[in-house]
Amino acid sequence: FLMKTLCILICWCPALLLGAGRHTLLPQPQHVQYGDGHLALSELSVALAGTPAPEDTFAASVLSQGLARRGGSPGGHTLRLVRGGPVDALPRDNEQPGPNSRESYHLRITPNGGEVRAPSSAGLFYAVETLLQLVEGSGKEAALPAVEIDDWPSLAYRGVMFDLSHGPLPTEDEIKRQIDFLAQWKGNQYYFYSELSIELKGYPLINPGGRYSQDQVRRIIAYARERHVDVVPCLEFFGHLHDLFRIERYADLAALPHGGDLNPRNPEMQRMLEDWVGQMTALFPSPWFHIGLDEPWELERAGNAGGIDPGKLFLDHLNHMSELVRRKGKRVLFWADVASGATLFEKYPQLASNLPEGTLPVPWYYHESKDYSRMLDPFTKAHVPQIIGTGIWGWDTIVPDFRMTFANIDGFLSDGRKHGTLGIINTNWADDAQILYRMTMPGVAYGAIAAWQPSPVDREHFFLNYCSTVYGDEMAGEVAPALQALDAAQQALAAALGAEDIFRLWDDPLAPQSLARARAHVQDLRTARLKAEEAQEHLQAAAAAHPESLSSLLLGARLLDYAGMKFLYAAEIADIFAKLDATAPSRADLSFWLGRQMGDRNHARAADLMDLITELRELYRAAWQAEYTPYRLGAALGRFDAEYEYWRRFQAKLWEMRRNFKEGSPLPALDSLRH
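Keep in mind that what you see is a predicted model, and the values were worked out from it rather than measured.

Caption draft 1: View of the packing of helix α5 (residues 172–184) against helix α14 (residues 441–452). Closest axis-to-axis distance for the α5/α14 pair is 9 Å, and the angle between their directions is 40 degrees. Comparing their axes, α14 and α5 come out oblique. For α5 against α14, the interelement crossing comes out right-handed. Contacts between α5 and α14 involve Q178, F181 and L182 from the former and M441, V444, A445 and A448 from the latter. In terms of residue class, the contact of α5 with α14 is built from six nonpolar, one polar and no charged.

Here it is, written out as structure tokens:
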């Protein structure tokens, strides 16, 4: 009884694990029991039992290389990997979780050696990821603790979706890094979101500079398979097709001229869709196929204008697309707009009970809520299986809103489990076309971890536990507080500027509405700057050691600092003008306030902002080029150029105002500096 109680405490108390010198494993295994002693990494060999498949050899190489990085070397003790069943590398349709599931594993380490047993190559790979987290110490002191672990996923499908259409296009190598990262946390689906960013044979006019070739996609799929990640096509076959309809050759196929929704009753459009489905089902071997159908914003206007019930029009199109895909042997998923997007399932409640057989709805909702049942109830009542869609909130913010992200994942997943969700698609959108995806990686990890383990993620200690795993215990002392400070800075800036702060960053700060808000939120702006500067202090040393994952976060901290400075300066400029207006200023007053305080050629507010935005522009360019292709880079940098030009003109007008001022004359209005 005492041993059983001790095991439960060790399994579920991260604070106890840390106190005992043990690493908090992410995700937490189902059952963990630590023993006495350690297995030294020096003179430890990794061996495969039986006749290994390439997938087994890959898992063994990942383990050997990971142990070698911590100080391991081959020797007398052996760590054996034993696969007891078929290779079974990828999730199947109708996958089931549980202790005997395909992805389960049993791991046992003693001071004399160790063994991993799993029914599939996927189970072996996940055990390897756990083993690498178990390593304590480094160099000659590196060792694995004596431990016995039984583990399996609580949900069968643990996916992340990367938006590869709204904004920048990650390079092929960057997508492979994203897949590596997802696999590290035992995620098993990568949703490749494409509106029209995958090459379609026979359509050379569609996004020639902004798409992936089919050969690139094949290489990505093969790379992901080695890591037991299924690349699922996540396409759009109703709305979000403006990239097609802006081309005049295809403009007549839209529901509205040069719009975003297709006309589902156009025969030529239907022939095109059938061709696309054929090409994409042949390209992606996944058993699942996501057809989109979210946010058909023109459905009701176009349908009503044609005398067609919009709900029936949507259902007819869903049925038709599902049939096209099912003929190719695929399981169909689609976005279900319940309380989000076009809210179709609230406007037309009959839809939920009339879905095509076997089709999986994905109700999605990205905000924090006390109860997510509203999104799930329509399908639960209709006895329709579903997958939930959570959100990594980074598409409209300077840095990701991790507080919102974690609350959304925790709450939606908790209610989703009660409704029998099959899994999760943790979405990572790029709507603002300015996002740096490397900033969002803690949110990617959080979603995969939450979907594997049965208990909620320890949100209070997540940053520390995550950073210890990714960067090591010593560096975690810098990166974890940096993430906490960044999140606090983002919250303060959002309180000051309102939603979509990445767009507010580029607003005219002297416009009446912006100025009024800034003057009312001076303390929030100061807090945002102080927290952003705190994050910078922590990140500067760490980013030099880990530039690939931390340079973009350091840039995000500096952008937050710039946004706070810009709007604080605007509030101070307005106060100066108000003071001068009230005192009948002299030329000396203007020289001091408009010159030295605002428009001095080197050290004043306008010069500060010009200096910083040009520096940030080049850092942003470098961060973009590290992750993405050049597609849309010019548009993103154009915002930096416009920002510089705003303050250059502001400075020039201050100089002109000083030159033309006459004693006794009224001061020109502050608003005149904006134009």
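Moving on from the coordinates now.
Caption draft 2: Structural view of the packing of aromatic side chains. A full pass over the atoms with the stated rule returns 41 aromatic pairs. For the pair Y366 and W395, a centre-to-centre distance of 5.4 Å together with 70 degrees between the ring planes defines the contact as edge-to-face. Linking Y366 in the loop between β12 (360–363) and α12 (373–381) with W395 in the loop between β13 (388–391) and α13 (402–418), this pair joins segments that are 29 residues apart in sequence. Summarising the burial analysis for this pair, Y366 and W395 share the class buried. Here the basic side chain of R227 rests over the ring of Y223, its NZ or CZ set 3.5 Å away from the ring centre. Cation over ring: R605 sits above Y569, and NZ or CZ is 5.4 Å from the ring centre.

Caption draft 3: Structural detail: the sheet that holds strand β6 (residues 143–151). A sheet is described by the order of its strands in space; here six strands give the open sequence β1-β6-β4-β5-β3-β2, paired in mixed fashion. Only two strands of the sheet have a single partner each, and these edge strands are β1 (31–40) and β2 (42–48). Between one strand and the next, the sheet's axes are offset by a mean angle of 20 degrees, whatever the strand orientation. Both β2 and strand β3 (residues 73–83) contribute to a ladder of six bridges, which runs parallel. Across the sheet, V46 pairs through a bridge with L79, a residue of β3.

Caption draft 4: Structural context of empty space enclosed by the protein. In total, this model carries five cavities of 30 Å³ or more according to the counting rule given. What the largest cavity holds in volume is close to 120 Å³. Along the wall of the largest cavity there are 16 residues; nearest its centre are T397, I398, Q434, I435 and L436. The class makeup of the residues in the lining of the largest cavity is eleven nonpolar, four polar and one charged. Here the second largest cavity is characterised by a volume of approximately 80 Å³. Lining the second largest cavity are S194, E195, L196, S197, I198, L200, L235, E236, F237, W276 and M280. Residue classes in the lining of the second largest cavity are distributed as seven nonpolar, two polar and two charged.

Caption draft 5: Representation of the environment of G638 within the structure. Among the structural elements, G638 can be located in helix α23 (residues 633–660). Distance from G638 to P442, taken between C-alpha atoms, is 29 Å for residues 196 residues apart in sequence.

Caption draft 6: Expanded view of the packing of α5 against helix α6 (residues 214–226). The contact between α5 and α6 brings their axes to 10 Å, and the two run at 20 degrees. When the interaxial angle is binned, α5 and α6 end up roughly parallel. With respect to the hand of their crossing, α5 and α6 are arranged in right-handed fashion. Residues E172, I175, K176, I179 and D180 of α5 pack against Q216, R219, I220, Y223 and A224 of α6. Looking at side-chain class alone, the contact of α5 with α6 contains five nonpolar, one polar and four charged residues.

Caption draft 7: Region of interest: the pattern of salt bridges. As enumerated under the stated definition, the model contains 46 salt bridges in all. Taking the shortest distance from any N to any O, the salt bridge between D487 and R403 comes out at 3.5 Å. Taken as a pair, D487 in helix α16 (residues 473–497) and R403 in helix α13 lie far apart in primary sequence, 84 residues in all. Judged by its relative accessible area of 46%, R403 is partly exposed. With its nearest N and O atoms 3.0 Å apart, the salt bridge here joins R558 to E615. Of this pair, R558 sits in helix α20 (residues 547–582) while E615 sits in helix α22 (residues 605–627), and the two are 57 residues apart along the sequence. Since its relative accessible area comes to 39%, E615 is described here as partly exposed.

Calculation notes
Residues numbered from 1 in each chain as written. Predicted model: local features only at pLDDT ≥ 70, side-chain atom pairs only at ≥ 80, totals over all residues. Heavy atoms only, no water. Axes fitted to C-alpha atoms, helices over the stretch in contact; angles between N-to-C directions. Helix = DSSP H or I, 4+ residues; strand = E, 2+ residues; numbered from the N terminus. Parallel < 35°, antiparallel > 145°, perpendicular 65-115°, else oblique. Left-handed = near helix turned anticlockwise from the far one by under 90°. Contact = heavy atoms within 4.5 Å. Nonpolar A, V, L, I, M, F, W, Y, C, P; charged D, E, K, R; others polar. Phe/Tyr/Trp six-rings, centres within 6.5 Å; stacked < 30°, edge-to-face > 60°. Buried < 20%, exposed > 50% of the residue type's maximum accessible area, 1.4 Å probe, protein only. Lys NZ or Arg CZ within 6 Å of the ring centre and 35° of its normal. Pairing = 2+ DSSP bridges. 1 Å grid on protein atoms, 1.4 Å probe; cavity = no way out; pocket = protein on both sides within 12 Å on 5 of 7 lines; lining within 4 Å. Points joined across faces, edges and corners; volume = space filled by probe spheres on them. Salt bridge = Lys/Arg side-chain N within 4 Å of Asp/Glu carboxyl O.

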